[in-house]
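# Coordinate analysis (summary)
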Amino acid sequence: MPSIELKIENGVARIMLNRPETFNSFNREMALRLQKTLDDCNTNDAVKAIVLTGNGKAFCAGQDLNEVTSPELNPGFRTILEEHYNPIIERIRSIEKPIIAAVNGVAAGAGANIALACDIVVAVETASFIQAFSKIGLIPDSAGTFFLPRLIGLQKASALMMLGDKIPANEAEQLGMLYSVFSSEIFEEEVAKLASKMAEMPTKALGLTKRLLNRSMVNNLEQQLAMESDLQIEAAESEDYAEGVRAFIEKRKPVFKGK
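Residues numbered from 1 in each chain as written. Predicted model: local features only at pLDDT ≥ 70, side-chain atom pairs only at ≥ 80, totals over all residues. Heavy atoms only, no water.

Tallying secondary structure elements over the protein chain gives eleven helices and ten strands in all. Taken over the C-alpha trace, the protein chain has a radius of gyration of 19 Å; the compact-globule value for 259 residues is 18 Å, and the two agree within 12%. C-alpha extents for the protein chain along the principal axes are approximately 60 × 45 × 35 Å. A burial count over the protein chain gives 47% of its 259 residues as buried. Sequence-distant contacts, at least 24 apart, represent 66% of the contacts inside the protein chain between residues at least 6 apart. Accessible area of the protein chain: about 13400 Å², with a carbon and sulfur share of 55%. (Helix = DSSP H or I, 4+ residues; strand = E, 2+ residues; numbered from the N terminus. Rg over C-alpha atoms; globule rule 2.2 N^0.38 Å. Buried < 20%, exposed > 50% of the residue type's maximum accessible area, 1.4 Å probe, protein only. Contact = heavy atoms within 4.5 Å. Areas by Shrake-Rupley, 256 points an atom, 1.4 Å probe, with all protein chains shown as cover.)

Here is the structure:
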């Protein structure tokens, strides 16, 4: 089976991590294939929204430890970070299309942090999140130390990373780690509805919003206000803005093209 499966339908690209026998843990081949798949979705004008999910019982268990403990297969931690995980995180944040993490099961280690880097995180009620690094003497990677404190605060993030506690989906929602939790019976349906809604929205404006959110991590207020002015002008010159205004005046649903 391919380690990454891609299905594109009605403007939504569904990327599935597909190593269920290892709880979708990453080896080099899967990491590089995910990067290529994200690149393809980025350049494909037919893709308006992206869903990242896992096959089987887990979303992603992080790094495949069988790879790093194998003398023949181990690429080394610098390669794993600089060629596998860091480029994945950079792509998730730089692609100016909404990316939804649909967490269908446990998200551990790098798997948890890849999910948290996405624009919207939803989870099935049976899912859980765990910063598993400290349990084997490692430090959090895949931008976990960047995003998690910003999502839930320094104290909570420190505790979760140092103690390695498993956090159920409902508690993760209460902490602010994710957007919504759904029961097992309706999870797939709700993910599909959310992705479809995002695909019908003005992709151009969503992408510019994402760019602003990225810069808000480092900009001061003056810089952020200036950037908002520049990007609002860009948004106002888009076809989607013109369509949105026409639809509002004509009292109909807009048909956005992402341009």
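Following the structure, the description resumes.
With that settled, consider the environment of F256. Summarising the element assignment, F256 is placed in the segment after helix 11 (239-250). By relative accessible area, which is 22% here, F256 ends up partly exposed. Separated by 54 residues in the primary sequence, F256 and P202 have C-alpha atoms spaced 5.4 Å apart. Other than its neighbours up to four places away in sequence, F256 contacts E200, M201, P202, D240, E243 and G244.

The subject of this paragraph is the sheet that holds strand 5 (residues 99-103). Reading across from one edge, 1-2-3-5-7-10 is the order of the six strands in this open sheet, with mixed pairing throughout. Single-partner strands in this sheet number two, and they are strand 1 (4-9) and strand 10 (180-182). Ignoring which end each strand starts from, the neighbouring axes of this sheet average 20 degrees apart. Judged from the three bridges that link them, strand 7 (residues 120-124) and strand 10 form a sheet pairing that is parallel. Its bridge partner being in strand 10, A123 is matched across the sheet by V181. (Pairing = 2+ DSSP bridges. Axes fitted to C-alpha atoms, helices over the stretch in contact; angles between N-to-C directions.)

An order of 4-6-8-9 is seen for the four strands of this open sheet, with the pairing classed as mixed. Across the chains shown, the open sheet's two edge strands, defined by having one partner strand only, are strand 4 (58-60) and strand 9 (166-168). Pairs of neighbouring strands in the sheet enclose a mean axial angle of 20 degrees, with direction left out of account. By the bridge criterion, two bridges tie strand 4 to strand 6 (residues 106-108) in an arrangement that is parallel. Among the inter-strand pairings, A58 is bridged to a residue of strand 6, identified as V106.

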